[in-house]
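# Reading the structure
The chain contents come next:
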Amino acid sequence: MEETVPFKNLHSREYQGHKKKVHSVAWNCVGTKLASGSVDQTARIWHIEPHGHGKVKDVELKGHNDSVDQLCWDPKHAELIATASGDKTVRLWDARSGKCSQQAELSGENINITYKSDGTHVAVGNRDDELTILDVRKFKPIHKRKFNYEVNELAWNTTGDMFFLTTGNGTVEVLAYPSLQPVDTLMAHTAGCYCISIDPLGRYFAVGSADSLVSLWDITEMLCVRTFTKLEWPVRTISFNHTGEFIASASEDLFIDISNVQSGRSVHQIPCRAAMNSVEWNPKYNLLAYAGDDKNKYQADEGVFRIFGFESA
């Protein structure tokens, strides 16, 4: 019996607003707003109707004076968002007003940011492989740690008692939280591990690597249960959908792969025109936001992102 593929007859919609390429896209916790962070030093908040049409209103978040490399929403508050920038600051914003409510000056160029699932702490990684953890209420650093290896992406598990780092050595470092004591070093890949995504049901985490593979790990056993092999270039970004049934992964290949988590089989490919920087599934619907290095015919950055999964009207 053929498994039914829920991605037939769907299409992508394009959103244009940034002046330079989009590095990061992220949905708020209720799936109604999408944020985009760009090399143009701004972030934008877009109000997305899951089945709506027509012009979308967006709010510009202005204040950073370098690229907004990554952003993430408060997992408990649908209107609060944190941005990490190369200008060494991390900022908290109110998505309704577009105003910055908190700002922390850190020591290096920030490239990664993630929230703890209860919304109390934010972890930030910079180009110098330094990790800073901020208490969200006071917006002050409570932990700082510099690593002597390349740290790429950061994540907490769903319960918040484990913290993961992907490294340039092909390992995933597992630390206890809040002590940040090492618990495990997983030899995950033969080349650097770039990105990590935690299954929303808390069963697995997935790791994308420079060896072009995505590995799926059982979070209780800390064992690799399967690999996804569709991509041919270093995997830059991965995301589980809200049911944990599908995983999207992207690279410099000119498509985004969507695979079934249990079977490991590729069920759909979304064509794209450039290397991808960020893919993220909506937390409520099968809508996938994605952004990359798109250029126009004059070879200038397009500053667009797209959302795949609207039913054709």
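Above this text sits the structure in question.
Residues numbered from 1 in each chain as written. Predicted model: local features only at pLDDT ≥ 70, side-chain atom pairs only at ≥ 80, totals over all residues. Heavy atoms only, no water.

## Examining the sheet that holds strand S6 (residues 68-73)
- Spatial ordering of the open sheet is given by S6-S7-S8-S9, a layout of four strands whose pairing is antiparallel. Two strands bound the open sheet, and with one partner strand each, they are S6 and strand S9 (99-105). Taking the axes of each pair of neighbouring strands and ignoring which way they run, one obtains an average angle of 20° across the sheet.
- Judged from the six bridges that link them, strand S8 (residues 89-94) and S9 form a sheet pairing that is antiparallel. Note on S9: the bridge partner recorded for Trp 93 is Cys 100. (Pairing = 2+ DSSP bridges. Helix = DSSP H or I, 4+ residues; strand = E, 2+ residues; numbered from the N terminus. Axes fitted to C-alpha atoms, helices over the stretch in contact; angles between N-to-C directions.)

## Details of empty space enclosed by the protein
- Counted according to the given criterion, the structure contains two cavities of 30 Å³ or more.
- The volume enclosed by the largest cavity comes to roughly 40 Å³.
- The wall of the largest cavity is formed by Ile 111, Asn 112, Gly 125, Asn 126, Asp 129, Glu 130, Leu 131, Val 151, Asn 152 and Leu 154.
- Where the lining of the largest cavity is concerned, the elements lending two or more residues are strand S10 (110-115), strand S11 (121-126), strand S12 (130-135) and strand S14 (151-156). (1 Å grid on protein atoms, 1.4 Å probe; cavity = no way out; pocket = protein on both sides within 12 Å on 5 of 7 lines; lining within 4 Å. Points joined across faces, edges and corners; volume = space filled by probe spheres on them.)

## Re the sheet that holds strand S24 (residues 255-260)
- Reading across from one edge, S22-S23-S24-S25 is the order of the four strands in this open sheet, with antiparallel pairing throughout. Two strands bound the open sheet, and with one partner strand each, they are strand S22 (237-240) and strand S25 (266-271). For this sheet, the mean inter-axis angle between neighbouring strands, taken without regard to orientation, is 20°.
- Here S22 runs beside strand S23 (residues 246-250); their pairing, made up of four bridges, is antiparallel. Paired with Ser 239 across the strands is Ala 248, a residue of S23.

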